[in-house]
Amino acid sequence: MTRQLSLNAFLHDAGHHEASWRHPDSAAERVHDIDFYVELAQRAEAAKLDGVFFADSPGMWAATPYRPTAHLEPITRLAAIAARTERIGLIATASTTFYEPYNLARLFNSLDMLSGGRAGWNIVTTQSEAVARNFSLAELPSAEERYARGQEFVDVVTKLWDSWEDDAIVADRESGLYFDPDKVHPVDHVGRHFQVAGPLAAPRSPQGRPVYVQAGSSNDGRAFAARNAEAIFTAHQTIGDAQAFYADIKSRAARLGRNPDHVKVLPGISPFLADTEAEARELQHYVDSLTVPAYGLAQLEGLAGISLAHLELDEKVPVEIFGPAGNVLDNNRSRLQVVANIVERDRPTLRELLHRLAGARGHNVVAGTPTQVADVISDWFRNDAADGFNVMPPLYPQLLDVFVDRVVPLLQDRGLFRTEYAGTTLRDHYGLPRPASLYAAPGSAAGTQQAVAG
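Heads up: these notes are all about the structure in this document. (Residues numbered from 1 in each chain as written. Predicted model: local features only at pLDDT ≥ 70, side-chain atom pairs only at ≥ 80, totals over all residues. Heavy atoms only, no water.)

**What to know about the overall build of the chain**
Selection rule: A run of H or I in DSSP becomes a helix once it reaches four residues, and a run of E becomes a strand once it reaches two; helices and strands are each numbered from the N terminus. Three exposure classes are used, based on accessible area relative to the maximum for each residue type with a 1.4 Å probe and protein chains only: buried under 20%, partly exposed in between, and exposed over 50%. Throughout, a contact is declared for two residues whenever any of their heavy atoms are within 4.5 Å. Calculation of accessible area relied on Shrake-Rupley with a 1.4 Å probe; when residues are assessed, cover is drawn exclusively from the protein chains displayed.
Helix and strand counts for the chain stand at 15 helices and 13 strands. Across its three principal directions, the C-alpha atoms of the chain cover 80 × 50 × 45 Å. Per-residue burial for the chain yields a buried fraction of 54% across its 454 residues. For the chain, contacts bridging at least 24 residues in sequence account for 77% of all contacts bridging at least 6. Accessible area for the chain stands at about 18,700 Å²; split by element, carbon and sulfur atoms hold 51% of it.

**A look at helix α12 (residues 370-382)**
Residues spaced three or four apart along an α-helix face the same direction, because each turn holds 3.6 residues. Our working definition: To estimate the expected span of a helix, count its residues, drop one, and scale the result by 1.5 Å.
A rise of 1.5 Å per residue sets the reference length of α12, with its 13 residues, at 18 Å; its end C-alpha atoms lie 18 Å apart and thus fit the reference within 8%. On its buried side, α12 packs onto α7 (239-255), β11 (264-273), β12 (364-368), β13 (388-391) and α13 (398-413). Downstream of α12 by a residue or two, Asp384 has a phi angle that is positive, lying close to 55 degrees.

**Focus on the environment of Leu160**
Position of Leu160 among the secondary structure elements: in helix α5 (residues 143-162). Each C-alpha atom, one on Leu160 and one on Asp188, is 10.0 Å from the other, the two residues being 28 residues apart in sequence. In this structure, Leu160 is in contact with Pro101, Tyr102, Ala105, Val187, Val196, Gly198, Pro199 and Leu200, ignoring residues within four places of it in sequence.

**A word on the pairing of β12**
Within a regular strand, the side chains alternate between the two sheet faces. As a reminder, the rule being used: A pair of strands counts as paired when DSSP detects no fewer than two bridges linking them.
Across the five residues that make up β12, a large majority, four, are buried. As paired elements, β11 and β12 share five bridges and run parallel to each other. Across the sheet, residue Ser270 finds its bridge partner in β12, namely Val365.

**Examining helix α2 (residues 74-82)**
Cut-off, in case you're wondering: Arc definition: it is the arc formed by the directions from the helix axis to the C-beta atoms. Under the rule applied, a polar contact is a pair of N or O atoms within 3.5 Å (in protein, one hydrogen donor and one hydrogen acceptor; residues adjacent in sequence only if both atoms are side-chain atoms).
Those residues of α2 that fall on the buried side of the exposure criterion are Pro74, Ile75, Arg77, Leu78, Ile81 and Ala82. Along the long axis of α2, the arc covered by the buried residues comes to 155 degrees, so they all point the same way. Elements in contact with the buried residues of α2: α1 (34-46), β2 (51-54), β3 (89-95) and α3 (101-115). Residue Glu73 occupies the N-cap position of α2, its side-chain oxygen lying 3.0 Å from the main-chain nitrogen of Ile75.

**As for the pairing of β13**
Judged by which residues are buried, β13 turns out to be covered on both faces: Gly388 and Asn390 on one side and Phe389 and Val391 on the other are all buried. Pairing between strand β1 (residues 6-10) and β13: four bridges, direction parallel. Considered in β13, the bridge of Ala9 is made with Val391.

**So, the environment of Asp275**
Here Asp275 shows up in the loop between β11 and α8 (277-289). We classify Asp275 as exposed; its relative accessible area is 53%. Those residues in contact with Asp275 that sit more than four places away from it in its chain are Thr369 and Arg406.

**Section: the pattern of salt bridges**
Rule in force here: Any carboxyl oxygen of Asp or Glu that lies within 4 Å of a side-chain nitrogen of Lys or Arg is treated as forming a salt bridge with it.
For the coordinates displayed, the defined rule picks out 26 salt bridges. Between Arg67 and Asp13 there is a salt bridge whose closest N-O contact spans 3.7 Å. Residue Arg67 is found in the loop between β2 and α2, and its partner Asp13 is found in the loop between β1 and α1; the two are separated by 54 residues along the sequence. In this structure, Arg67 and Asp13 share a single accessibility class: buried. One salt bridge connects Asp248 with Arg222, and the closest N-O pair in it is separated by 2.9 Å. With Asp248 in helix α7 and Arg222 in helix α6 (residues 219-228), this residue pair connects regions lying 26 residues apart in the sequence. In this structure, Asp248 and Arg222 share a single accessibility class: buried. Taken together, the salt bridges that share partners define one network made up of Asp162, Asp166, Arg204, Arg209 and Arg434.

**Let's talk about the packing of helix α9 (residues 293-304) against helix α11 (residues 350-360)**
Put simply, the test is: Here, axes are lines fitted to C-alpha atoms. For helices the fit covers the stretch in contact, and angles between N-to-C directions go from 0 to 180 degrees. Relative orientations are named as follows: roughly parallel for angles under 35 degrees, roughly antiparallel for angles over 145 degrees, roughly perpendicular for angles from 65 to 115 degrees, and oblique for any other angle. Note on residue classes: Ala, Val, Leu, Ile, Met, Phe, Trp, Tyr, Cys and Pro are nonpolar, Asp, Glu, Lys and Arg are charged, and everything else, Gly too, is polar.
Across the interface, α9 lies against α11 with an axial gap of 10 Å and an inter-helix angle of 80 degrees. On the basis of their axis angle, the class for α9 and α11 is roughly perpendicular. Touching Pro293, Gly296, Leu297 and Leu300 of α9 are Leu350, Leu353, Leu354 and Leu357, all from α11. Of the residues in the contact of α9 with α11, the class split is seven nonpolar, one polar and no charged.

**Some details on the side chain of Thr234**
Mapped onto the elements of the fold, Thr234 is located in strand β10 (residues 231-234). When its relative accessible area of 2% is taken as the criterion, Thr234 is described as buried. Those residues in contact with Thr234, other than ones at most four positions away along the chain, are Ser217, Phe245, Val265, Leu266, Pro267, Gly268 and His363.

**Digging into a nonpolar patch on the surface**
For clarity, the cut-off: The residues that make up patches have over 30% relative accessible area and no salt bridge, and they are joined within 9 Å when like-charged or within 5 Å when they are Val, Leu, Ile, Met, Phe, Trp or Tyr.
Taken together, the side chains of Ile169, Tyr178 and Phe179 define a hydrophobic patch exposed on the protein surface, amounting to about 280 Å² of accessible area. With respect to the element layout, Tyr178 can be found in strand β6 (residues 177-179).

As structure tokens, then:
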């Protein structure tokens, strides 16, 4: 089968640009209105996109009054969206540092059940000290500790999702047997971080397991993704960096005995779209002009862990100010490395750097015509820099509408993107196999199924 793009709509209040809510055409008044997100998901589904995605942090994203920072809980939002859509995937972020495995396994299993197999879990460990203080922690555990807990967390959740074999429910009215007890398994997990008896109090969901998604490109993040992730959300400014990351992740997965084709690399792209490139850049410039420098500066200082108060807005950012952030294949703070590379490559002023980051927090911002944006997507896809993209419109709903109405048809005409869904589940859309239960007997029908569609 011809390789096909994967495209998600990353839903983020009034848009991914930090000042999007100030645009006169934004939906700033609707960022807590569930109908707003349902409408966006329906638009994405009409264009046959793979999924919609919500990022999340269990706390205020920024202690600032300069943009919407309070968000509805994502699994609840996706449950509402599931009831009013039919095919589009539903991906939510949930932290392994601030959930318990059993609760999270139950939540995502329920979302997968009620949506008919469309759930995906974006696995994060969370790196916010402020969030830690919402959970009775004086400080955030180290990155090493968070990833160790995260790996054990994923192992436990996998056991829970697999604890019912696919054919465990027999519903035999004559004998009175509802499920076969030999096919429902305690997990009896005893580890460093968790002790979980199981089984899950729910049968296996339509996908077997919701799709495992991971966001993060640090050294620890790439190792974790190569072992666990079926889709990876990542940020790159250049095709060269994206190609290096892509090759690294695929080779890591292969060395672990995984099929690299079952690890989808999906960078973010944030397109300003208009009839001409000049109009697109004018729109970008206008939205940039709406930023409040104090907000962007606070975000940048938080990322860098240093004060930048001594710099004037129109002063060049010194290359050395971010220290040795590393490169795309050797770094411990991946988003800081993206910023450091912008400074080294483009030598921006502080104001210019804040505008670069305002658009999509380090993801690739592209301003141009629908054809130019389609060209970027096609180029990265055809040259092993991406398997698809997380589409991050700077302004909702307008720029999502332009993307699905004018960019998607170009990708379809080029034979790169579907014109109809081939399956019903998120695994179908991504072309991923339905995994067998860990507890299924080898050689059984349940133990050998590899139902791949899409």
